[in-house]
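Structural characterization, general
This is what each chain is made of:
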Amino acid sequence: MPNPFRIRSVQAFCYRYPLATPVVTSFGRMNDRQAVFVRVEDEDGEQGWGEVWCNFPAVGAEHRTRLINEMLAPMLFRRTVAHPSEVFDHLSAATSVLALQCGEQGPFAQAIAGVDIAVWDLFARRARTPLWRMLGGNSGRMRVYASGINPDGCVATVEAAMRRGHRAFKLKIGFGAEHDRGNLTELRRLIGGHLLAVDVNQGWSLSQAREQAPLLEEFGLAWLEEPLRADRPWSEWRSLREQISIPLAGGENIAGSDAFATALGEGVLSVIQPDVAKWGGITGCIAIAREVIVAKRTYCPHYLAGGIGLLASAHLLAACNGGWLEVDSNDNPLRSDFCGTVADVSDGEIVLPETSGLGIEPDVAAIGRYRTL
């Protein structure tokens, strides 16, 4: 393990990349792709990088950037760190009452997650070891799937993803039974027996789910993701699970160790999908990932944002030998230029290198024209 170090600075950078084709979900659309990257530097000049979840609302990226630069960074100035989890615990405790008071538990948790990722990257760099090895992994090789596939133009999107080496896919649904089934028919015909999953993005009520989900059985789906709102009672999820054979997936909108423990204990979700930049960072999510494996469920980290968070997700997956890594299929240089070897998909797999930390040196100057804060 590396020696303790002292933090010199913490800084967040906000970027927006305008999209020619918006990313559509059942509850909204992205007209541009935001990214909040975080840099933590120690007094020896070593740096680590992280990322903050900031997809929604559209105005949220700048807010999270300011939370880090104006609130969290001063809390860490010249703080001595022996282990990254100390930073996560300190920031979580120091902001808990304030987050409750202002009703912003989400933005604070996301900001802390981004800082945590950066500290872990720094920690592994100082140890001169890949983060995935530091976390207990034996191989940097993993399976991936192409995600963020819009309902309109999905065939062309999947064809392009197949040319890039993808062999597994996840389609957005919840746009009407006829539209959804038409898309799935075409995609199943195109990809043959390869993995196909769907994501409703919390778009159905229980009655809608009980009506719509059985119509999907014929497509041999790997999982049905967030068919219900994440805050609906587990009894509703259980009712749906008992009606269909398709495995249920969720986790990107679960936050906190206790909430994940409850989710695992309920036994409803077959695929568990924590988001490393939305809650927990590496500190929180590595613990959840290990619990998922012990519970004999499938760990598939959720991620649909920039490249640094995607890399962090890959390192977590490599550490636990889990399921599939989610890779956004949409145009976004804030992802593709910052995800290292995750961009090099071959026959449905990628391989993380033996490079220290997350394995990249982000060239943020190259995206300076997209910076907003």
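Remember, predicted model here, so these are calculated numbers, not experimental data.

**Overview of the overall build of the chain**
A tally of regular secondary structure across the chain gives twelve helices and 13 strands. In terms of overall size, the chain behaves like a compact globule, its C-alpha atoms giving a radius of gyration of 20 Å where 373 residues would be expected to give roughly 21 Å. When its C-alpha atoms are laid out on the principal axes, the chain stretches across 60 × 40 × 40 Å. Relative to its 373 residues, the chain shows a buried fraction of 56%.

**Remarks on the sheet that holds strand 2 (residues 29-42)**
What links the strands of a sheet is backbone hydrogen bonding, and the strands pair in either a parallel or an antiparallel sense. Spatially, 3-2-1-4 is the arrangement adopted by the four strands of the open sheet, whose pairing is antiparallel. Each end of this open sheet is capped by a strand with a single partner; those strands are strand 3 (47-52) and strand 4 (80-81). For strand 2 and strand 3, the ladder comprises six bridges, and the chain directions are antiparallel. Across the sheet, residue valine 36 finds its bridge partner in strand 3, namely valine 52. In the packing of helix 1 (residues 60-76) onto the sheet, contacts are made with strand 1 (5-24), strand 2 and strand 3, and the angle to strand 1 comes to roughly 175°.

**Let's talk about helix 2 (residues 84-102)**
Taking 1.5 Å of rise per residue, the 19 residues of helix 2 would be expected to cover 27 Å, and the 27 Å separating its terminal C-alpha atoms lies within 8% of that figure. Along helix 2, the helix axis deviates most sharply at threonine 95, where the bend reaches about 45°. Residues Pro84, Val87, Phe88, Leu91, Thr95 and Ala99 constitute the buried set of helix 2. The secondary structure elements touched by the buried residues of helix 2 are helix 1, strand 4, helix 3 (105-126) and helix 10 (281-294).

**A few points about the side chain of arginine 126**
Inspection of the secondary structure assignment puts arginine 126 in helix 3. Excluding anything up to four places from it in sequence, arginine 126 contacts Pro2, Asn3, Pro4, Phe5, Asp42, Asp44 and Glu46.

**Overview of the packing of helix 3 against helix 10**
Contact pair helix 3 / helix 10: the axes reach a minimum separation of 6 Å and the direction vectors enclose 90°. The angle between helix 3 and helix 10 falls in the class roughly perpendicular. Along the contact surface, helix 3 presents Ala113, Asp116, Ile117 and Trp120, while helix 10 presents Gly281, Ile282 and Thr283. Along the lines of polarity and charge, the residues of the contact of helix 3 with helix 10 split into four nonpolar, two polar and one charged.

**A word on the environment of arginine 369**
Positionally, arginine 369 belongs in the segment after strand 13 (349-351). Linking arginine 369 and arginine 16, residues 353 residues apart in sequence, is a C-alpha distance of 9.0 Å. A distance of 3.2 Å separates a polar atom in the side chain of arginine 369 from a polar atom in the side chain of tyrosine 370.

**Quick notes on the environment of leucine 91**
Within the secondary structure, leucine 91 sits in helix 2. In sequence terms leucine 91 and cysteine 285 are 194 residues apart; their C-alpha atoms lie 16 Å from each other. Excluding its chain neighbours within four sequence positions, the residues that come into contact with leucine 91 are Leu72, Met75, Leu76, Ile112 and Val115.

**Considering the pairing of strand 6 (residues 168-172)**
For strand 6, the tally of buried residues reaches five of five residues, placing the bulk of the element in the interior. In this sheet, strand 6 lies alongside strand 5 (residues 141-149) in parallel orientation, the contact comprising two bridges. The residue bridging isoleucine 149 from the neighbouring strand is leucine 171, located in strand 6. For the crossover that starts at strand 5, traverses helix 5 (residues 154-163) and ends in the parallel strand 6, the hand is right-handed. Here five bridges tie strand 6 to strand 7 (residues 195-199), and the two strands are oriented parallel to one another. Bridge pairing in strand 7 links leucine 171 to valine 198.

About the criteria used
Residues numbered from 1 in each chain as written. Predicted model: local features only at pLDDT ≥ 70, side-chain atom pairs only at ≥ 80, totals over all residues. Heavy atoms only, no water. Helix = DSSP H or I, 4+ residues; strand = E, 2+ residues; numbered from the N terminus. Rg over C-alpha atoms; globule rule 2.2 N^0.38 Å. Buried < 20%, exposed > 50% of the residue type's maximum accessible area, 1.4 Å probe, protein only. Pairing = 2+ DSSP bridges. Contact = heavy atoms within 4.5 Å. Axes fitted to C-alpha atoms, helices over the stretch in contact; angles between N-to-C directions. Expected span 1.5 Å × (residues − 1). Bend = angle between axes of the 7 residues up to and from the residue. Parallel < 35°, antiparallel > 145°, perpendicular 65-115°, else oblique. Nonpolar A, V, L, I, M, F, W, Y, C, P; charged D, E, K, R; others polar. Polar contact = N/O pair within 3.5 Å; in protein donor to acceptor, adjacent residues only side chain to side chain. Right-handed = clockwise from strand over helix to strand, strands pointing away.

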